[in-house]
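Structural description and commentary
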Amino acid sequence: MNITLNGKQKDLPSSQTLTQLLADLELPAKTIVVELNTIIIQPDSYEKTKLSEGDQVEIIRFVGGG
Amino acid sequence: MFQPPDFKQLSKQILCYTTADVEKALSCQRPDLHDIGALLSPAAEPYLQQMAKLSSEITLNRFGKTTQLYAPIYLSNYCTNRCVYCGFSADNHIKRKCLTLDEAEKEAEILHERGFQHILLVSGEAENAVNIDYMEAIAIRLRDKFAAVSIEIQPLSTEDYHRLFLAGITAVAVYQETYNRDLYKKVHLSGKKSDYDYRLKTPARAAAAGMREVGIGPLLGLSDWRAEGLSIAYHLHWLRKQFWSTAFTVSFPRMRPATGEFEPLQPVSERNLSQLIFALRLFDPDVGLLVSTREEARYRDGMIGLGPTRYSAGSCTAPGGYGNSDSEGEQFSVGDNRTLEEVCEAIREKGFDPVYKDWDSEFQHTA
Amino acid sequence: MLTIAGTEFSSRLFLGTGKFSSSAVMAEAIAASACQMVTVALRRVDLQNPDDDIMKALGQREYTFLPNTSGARNAEEAIRLANLARAACGSCWLKLEVTPDPRTLLPDPIETLRATEKLVKDGFIVLPYMNADPILALKLQDAGAAAVMPLGSPIGTNQGVLTDFQIEIIIEQARVPVVVDAGIGAPSHAAYAMEMGADAVLVNTAISVAGDPVAMAAAFAKAVEAGRSAFEAGMGQRSKQASASSPETGNLSSNLEFLS
């Protein structure tokens, strides 16, 4: 299935969870925040959140800024 | 909520200022609460001339060559308070009267014909004579006739002030009389007014209700005028921070020794009064400063342009006094008996423009 | 001691963390400044470079993090970023920035006020970045802003406090702390803002692009302290005229001879 991840198309095996996606990307869950179709997903829900075709996923973190 | 610093401490503090403190206060662009203490102190007395000059420069800059004029209408001299200094005190055996709505309108009509655009409705504090319904009815009758209608009546709740604002009242004056808490108790023997804190919180309620202008002031002659002046500065400073869209004024009613009337506990001279006015002007360039007809014509004429921005004129302080000159039961005797036209002439002679209004309540958006 | 929303800060210098050559230099500069509040921005994770994590670089010390909403063009975008920031760090502090014009990056007063009203209701501690408009400062304060952050000059310009006349009015009127933000290009600019009575300054570009950012951070720390001390000591006033040191008498226009 196809999702949009940080603005780019990405092909994923179907019914992948957020936990699996973050592991594949080698991202530590602690310092990021995930938005699924503009709704913020709390870390304790990553495991039970299954992605579906056409989902918009944004993974965001703090960067330097003034 | 606002609490002034301890009055006795202020009194003491003011005596400690030196010439150097005064010169610093005079040379800074914007004196703060510390500096105004210096300007009110005995150390500033030799600098009165310099204070007058600075005060007049600031006043000219901010208000131009104008003096605003207003007249009071005394609605009622019924009062449930017992205040030792006041002609309306419940203890006094005077002829009591509360104008009917028609009588009040007639008085207003007389002032209107004399050219007044700004009137101040004054009453003693008695709920059964002058209450919110009565005031609302008067406001509605008068609002189209005058550019501004202010009130000086008993303290009200924020809701009631808002009701009067909607009815067309533009400004509220409520004087603490003295910021000296101990003395306050001694001179306000009984009645609602004997509650110092309730009265102290009243200007904030009027401002919160949306009134365009709120007036505060000490009754000079009750206590140490220097500490009263500094307390007023604290009060004004606090009110400005809380209610930045409200205009504020300060009045300086001064009691003078007179037969049969209350003897001032601490008399205040014209020089003292002038120092107080100049100090406040230097502290707050924007505040309206009122001098009533309690002061004599000579003094009022001399002070034109030096700091005050608003004068009452042609005042009668007894209910119904404009229509019937035999009316009895006045609050205080007047020091400047001239008519509005005579006061205007004196203002013009000084090169100033007498101004009858600076706002039209017609534009008051009350949604 | 500076207090914002109940939190005390012994340093009145806030640092932005953008534009540093490396995380290591940034961390060292922040340490040298002794600041206790740092701003950070939110961006998409660079999936090519997943280890690039500013929080890791900052992690060892205790700071109050002030996430900003940079990039937001209107209130809705700012609110979305604010919620993401809160989810990312669990803190309600927020530097609200709404900058619709990408050229000047000047803040939008109307959208900033709208966003402040909403975010305060949602429990955020909002510090809005704003133009140095005194009335706007009062309206933001009335809407519940925990501090106001007027700009000295447009962001990144290093031009100093060009809005001093307006900022003086804001400082005089505001009940909440005033943090001069943006445009501060030299320690003397920061000292000047502090001498005027600003409660704090926020500096980023001037430090991050300096030849030696760590030394510059230390210089700013000294300037902010000096400026604050001068303010507390009570500055003498500037005057165009010489002032006589003894009382003037007689022959003035404001004649007081009428006094009885």
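Residues numbered from 1 in each chain as written. Chains lettered and ligands numbered in written order. Predicted model: local features only at pLDDT ≥ 70, side-chain atom pairs only at ≥ 80, totals over all residues. Heavy atoms only, no water.

Considering the overall build of chain A
Scanning chain A from N- to C-terminus turns up 1 helix and 5 strands. Shown N-terminal to C-terminal, the secondary structure of chain A runs as helices and strands in the order β-β-α-β-β-β. Against the compact-globule benchmark of 11 Å for 66 residues, chain A has a radius of gyration of 12 Å, which places it among compact chains. By the burial criterion, 48% of the 66 residues in chain A qualify as buried. In chain A, of all internal contacts separated by at least 6 residues, the share reaching a separation of at least 24 is 56%. Counting only carbon and sulfur atoms, one obtains 50% of the accessible surface of chain A, whose full area is about 3400 Å². Where the 6 positive side-chain charges of chain A centre and where its 9 negative ones centre are 6 Å apart. (Helix = DSSP H or I, 4+ residues; strand = E, 2+ residues; numbered from the N terminus. Rg over C-alpha atoms; globule rule 2.2 N^0.38 Å. Buried < 20%, exposed > 50% of the residue type's maximum accessible area, 1.4 Å probe, protein only. Contact = heavy atoms within 4.5 Å. Areas by Shrake-Rupley, 256 points an atom, 1.4 Å probe, with all protein chains shown as cover. Lys, Arg positive; Asp, Glu negative; His and termini not counted. Charge placed at Lys NZ, Arg CZ, Asp CG, Glu CD.)

Examining the packing of aromatic side chains
Residue and element names in this part refer to chain B. Using the criterion set out here, one finds 8 aromatic pairs over all chains in the structure. When the ring of Y74 is compared with that of F88, the centres are 6.0 Å apart and the planes differ by 80 degrees; the resulting orientation is edge-to-face. With Y74 in strand β1 (residues 66–76) and F88 in the loop between β2 (82–83) and α5 (101–114), this pair connects stretches of sequence that are 14 residues apart. Here the aromatic residues F2, W238 and F243 are joined through ring pairs into a cluster of three or more. (Phe/Tyr/Trp six-rings, centres within 6.5 Å; stacked < 30°, edge-to-face > 60°.)

Observations concerning the side chain of T317 of chain B
Looking at the element boundaries, T317 of chain B is found in the loop between β10 (310–312) and α14 (340–349). Ignoring any residue separated from it by four or fewer positions in sequence, one finds T317 of chain B in contact with Y74, F88, G329, E330, Q331, F332 and V334 of chain B.

Concerning the pattern of salt bridges
Residue and element names in this part refer to chain B. A full pass over the atoms with the stated rule returns 37 salt bridges over all chains. Between D197 and R181 there is a salt bridge, with the nearest N and O atoms lying 3.0 Å from each other. In this pair, D197 is assigned in helix α9 (residues 196–200) and R181 in helix α8 (residues 181–187), connecting sequence segments 16 residues apart. The residue E341 makes a salt bridge to R348 at a minimum N-O spacing of 3.7 Å. Residue classification places E341 among the partly exposed positions, given a relative accessible area of 46%. The partly exposed category is assigned to R348, whose relative accessible area is 37%. One salt-bridge network, in which partners are shared between bridges, spans D102, E105, E109, R141 and K145. (Salt bridge = Lys/Arg side-chain N within 4 Å of Asp/Glu carboxyl O.)

Description of the interface of chain B and chain C
Frequently, the measure chosen for interface size is the accessible area that the parts lose on association. If you look at the interface, chain B gives 24 residues, while chain C gives 23 residues. Across the chain B to chain C interface the summed buried area is about 2200 Å²; carbon plus sulfur atoms make up 56%. When the shortest N-O distance is used, the salt bridge between R30 of chain B and E172 of chain C registers 3.0 Å. Counting across the chain B and chain C interface gives 6 residue pairs in polar contact (both at pLDDT 80 or more). At the level of elements, α2 (19–27), α4 (48–63), α11 (225–242), α12 (270–283) and α13 (297–303) of chain B are the ones that each hand at least two residues to the side of chain B that touches chain C. Here the side of chain B that touches chain C takes 5 residues from α4 of chain B, the largest share from any one element. In the side of chain B that touches chain C, the residues fall into 10 nonpolar, 7 polar and 7 charged. (Buried area = accessible area lost by both parts, 1.4 Å probe. Polar contact = N/O pair within 3.5 Å; in protein donor to acceptor, adjacent residues only side chain to side chain. Nonpolar A, V, L, I, M, F, W, Y, C, P; charged D, E, K, R; others polar.)

What to know about empty space enclosed by the protein
In this approach a probe as big as a water molecule rolls over the atoms, and the regions it shows empty are the leftover space. Residue and element names in this part refer to chain B. Scanning the entire structure with this criterion turns up 3 cavities of 30 Å³ or more. Of the voids in this model, the largest cavity is the one considered here, and its volume is about 40 Å³. Sorting the residues of the lining of the largest cavity by element identifies α12 and β9 (288–291) as the ones contributing at least two each. Residues belonging to the lining of the largest cavity are distributed by class as follows: 6 nonpolar, 1 polar and 1 charged. (1 Å grid on protein atoms, 1.4 Å probe; cavity = no way out; pocket = protein on both sides within 12 Å on 5 of 7 lines; lining within 4 Å. Points joined across faces, edges and corners; volume = space filled by probe spheres on them.)

Points about the arrangement of the chains
Of all 2 pairs of chains that touch, the greatest number of contacts is found between chains A and C. Where chain A comes nearest to chain B, the C-alpha atoms are still 30 Å apart, and the two do not contact one another.

Considering the sheet that holds strand β8 (residues 149–150) of chain C
Residues and elements named next belong to chain C. Across the sheet, which stays open at both edges, the 3 strands sit in the order β6-β7-β8 with parallel pairing between neighbours. Both edges of this open sheet fall to β6 (93–96) and β8, since each of them pairs with a single strand only. Inspection of the sheet shows β6 paired to strand β7 (residues 125–130) by 4 bridges, in the parallel sense. Bridge pairing links K95 to L127 in β7. (Pairing = 2+ DSSP bridges.)

Quick notes on the confidence of the model for chain C
Overall, the predicted model of chain C reaches an average pLDDT of 89, with 92% of residues at or above 70. For the stretch residues 247–252 of chain C, pLDDT sits under 50, and the model shows 7 contacts to residues farther than four places along the chain or on other chains. (pLDDT = per-residue confidence, 0-100.)

A few points about the interface of chain C and chain A
Between chain C and chain A, the contact holds 30 residues from the first and 22 residues from the second. For the pair chain C and chain A, the summed buried surface comes to about 2300 Å²; carbon and sulfur atoms form 62% of the total. Considering only the surface of chain C that becomes buried against chain A, R44, V45 and L47 of chain C emerge as the three largest contributors, covering 26% of it. Note that R80 of chain C is salt-bridged to E35 of chain A, the shortest N-O span being 2.3 Å.

With respect to the pairing of strand β1 (residues 2–5) of chain A
In summary, the side chains of a regular strand alternate between the two faces of the sheet. All names here are of chain A. Summarising the sheet, β1 and strand β2 (residues 8–11) pair through 4 bridges and their orientation is antiparallel. Considered in β2, the bridge of T4 is made with Q9. Where β1 and strand β5 (residues 56–64) come together, 2 bridges link them in parallel fashion. Note that in β5 the partner of T4 across the bridge is Q56.

Here we look at α2 of chain B
Counting along an α-helix, one turn takes 3.6 residues, and residues three or four places apart therefore face a common direction. Residues and elements named next belong to chain B. Those residues of α2 lying buried are V22, A25 and L26. One face of α2 carries all of its buried residues, which in axial projection span an arc of 95 degrees. Contact partners of the buried residues in α2: α3 (33–40), α4 and α12. (Arc of directions from axis to C-beta.)

A look at the nonpolar core
Within the largest apolar cluster, 101 residues are counted, with the highest numbers of intra-cluster contacts made by L121 and L280 of chain B. Look past the residues within four positions of L280 of chain B in its chain and what remains in contact with it is I36, I232, A233, L236, V250, F252, V287 and L289 of chain B. (Core = buried A, V, L, I, M, F, W, Y, C linked by side-chain atoms within 4.5 Å.)

Comments concerning α14 of chain B
All names here are of chain B. Buried within α14 we find L340, V343, C344, A346 and I347. Angularly, the buried residues of α14 cover 160 degrees about the axis, an arc narrow enough to put them on a single face. Along its buried surface, α14 packs onto β1, α5, α13 and β11 (353–355). One or two steps after α14, the chain reaches G351, where phi turns positive at roughly 85 degrees.

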